[in-house]
Amino acid sequence: MPYRRLPNTDVARLRAIEAGLDLGKRVALKNLAFSQQTLEKLQTFYPHFLGAIRQLNISKQNQFDRSKEYSEVFRKAKLYLSHFLQVVNFAILRGEMKPEVVEFYGLQANSKATPPLNLEAHVMTWGERIIEGEQKRIKSGGSPIYSPSIALVKVHYEEFVDAYRHQKMLQNITNRASIKVSEMREQADVLIQEMWNEVENSLAHLSDEEKREKASEYGIVYVYRASEQKKMDIENLQQSLVFS
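Some thoughts on the overall build of the chain
Summing up its helical and strand segments, the chain has six helices and two strands in all. Reading the helices (α) and strands (β) of the chain from amino to carboxyl end gives β-α-α-α-α-α-β-α. Here the C-alpha radius of gyration of the chain, 32 Å, is well above what a compact globule of 244 residues would show, namely 18 Å. Dimensions of the chain, computed from the C-alpha atoms along their principal axes, are close to 95 × 50 × 25 Å. By the burial criterion, 34% of the 244 residues in the chain qualify as buried. Taken as a whole, the chain presents about 15300 Å² of accessible surface, with 51% of it coming from carbon and sulfur. If you average the places of the 34 positive and of the 31 negative side-chain charges in the chain, the two averages end up 5 Å apart.

Structure representation (structure tokens):
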């Protein structure tokens, strides 16, 4: 026998609720297979659930739309910071600067390795250290570095910081919307189950096949188990061979 399967996606949940609401408009209340109380619950819940899902989709789209632009800003910030430190190291190799100057940037003297810049947190931390370090080095009498200048590095770093904060804000909005929808899914499942239970109870006097056919009008979904579906396929194939 096929079994009843509750919706497992938001689209399916909305479809199930909409089926009940549609019948609630078209069928007289005395002929409706579920109660007026359940209908009123669906009418109250549906617009809030639909609004929450739409808000989540909008939040996800906004985050996605900005992600490409953000990735490029992040890439440039890493590139300028890395290139700046490479210029410093080249100047040290040429003897134009002493190895100790890297200490201004929070690095160990005689260390030619550049700090990690793969993660956003790395860029946030080292960007601030490098900019402040270069300002201190110049104040102590050092000559400014060009190509890239620290001013240009700072422009790209600050652009990254602004983009990072905006992206985090979008993520937080999406997370809050996701949590709200997740909480409402539980309410939706309870309401749908209540409606479907009432429908099946109202149709209990019908044969199994008639009950399933009538219940499907209320959005109830019945599915066959894999073994049952396989058996039906074999029987259908045998019948087609007999009549062919």
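Moving on from the coordinates now.
Considering the packing of aromatic side chains
Here the distance between the centres and the angle between the planes together describe a pair of aromatic rings. On inspection of all chains with the given rule, the structure shows seven aromatic pairs. Taking 6.4 Å as the distance between ring centres and 25 degrees as the angle between the ring planes, the aromatic pair formed by Y70 and F160 counts as stacked. Here the residue Y70 occupies a position in helix α2 (residues 36-93), and F160 occupies one in helix α4 (residues 150-202), the gap between them amounting to 90 residues. Comparing Y70 with F160, the two get one shared label, buried. Ring geometry for F74 against F160: centres 5.4 Å apart, planes inclined by 25 degrees, an arrangement best described as stacked. In this pair, F74 sits in helix α2 while F160 sits in helix α4, placing the two residues 86 residues apart along the sequence.

Topic: the pattern of salt bridges
This model, assessed by the stated rule, comprises twelve salt bridges. When the shortest N-O distance is used, the salt bridge between D189 and R13 registers 2.8 Å. Note that D189 is positioned in helix α4 and R13 in helix α1 (residues 10-26), a separation of 176 residues in sequence. Across the pair R26 and D22 runs a salt bridge whose closest N-O atoms are separated by 2.9 Å. Taken together, the residues span about one helical turn, with R26 and D22 both in helix α1 at a distance of four residues. Salt bridges here are not isolated pairs; linked through shared partners, they connect D10, R13, R185 and D189.

Some words on the environment of Q55
Within the element layout of this structure, Q55 appears in helix α2. Classification of Q55 by relative accessible area gives partly exposed; the value is 39%. Residues Q55 and K180, 125 residues apart in the sequence, show an inter-C-alpha distance of 9.9 Å.

Thoughts on the nonpolar core
Judged by nonpolar contacts, the single largest core of 31 residues is most densely connected at I17, F34, L42, F45, F49, V199 and Y218. Listing elements by their share of this core, those giving two or more residues are α1, α2 and α4. Among the nonpolar cores identified, the runner-up in size contains 26 residues, and V73, A77, L85 and V88 belong to it.

Side note on the side chain of D10
Considering the arrangement of structural elements, one finds D10 in helix α1. If we skip the residues at most four places from it in the chain, D10 touches F49, I53, V181 and R185.

Let's talk about the packing of α2 against α4
Contact pair α2 / α4: the axes reach a minimum separation of 6 Å and the direction vectors enclose 160 degrees. If you check the angle between α2 and α4, you find them roughly antiparallel. Note on packing geometry: the crossing formed by α2 with α4 is left-handed. Considered class by class, the residues forming the contact of α2 with α4 number 27 nonpolar, 13 polar and nine charged.

Parameters at a glance
Residues numbered from 1 in each chain as written. Predicted model: local features only at pLDDT ≥ 70, side-chain atom pairs only at ≥ 80, totals over all residues. Heavy atoms only, no water. Helix = DSSP H or I, 4+ residues; strand = E, 2+ residues; numbered from the N terminus. Rg over C-alpha atoms; globule rule 2.2 N^0.38 Å. Buried < 20%, exposed > 50% of the residue type's maximum accessible area, 1.4 Å probe, protein only. Areas by Shrake-Rupley, 256 points an atom, 1.4 Å probe, with all protein chains shown as cover. Lys, Arg positive; Asp, Glu negative; His and termini not counted. Charge placed at Lys NZ, Arg CZ, Asp CG, Glu CD. Phe/Tyr/Trp six-rings, centres within 6.5 Å; stacked < 30°, edge-to-face > 60°. Salt bridge = Lys/Arg side-chain N within 4 Å of Asp/Glu carboxyl O. Core = buried A, V, L, I, M, F, W, Y, C linked by side-chain atoms within 4.5 Å. Contact = heavy atoms within 4.5 Å. Axes fitted to C-alpha atoms, helices over the stretch in contact; angles between N-to-C directions. Parallel < 35°, antiparallel > 145°, perpendicular 65-115°, else oblique. Left-handed = near helix turned anticlockwise from the far one by under 90°. Nonpolar A, V, L, I, M, F, W, Y, C, P; charged D, E, K, R; others polar.

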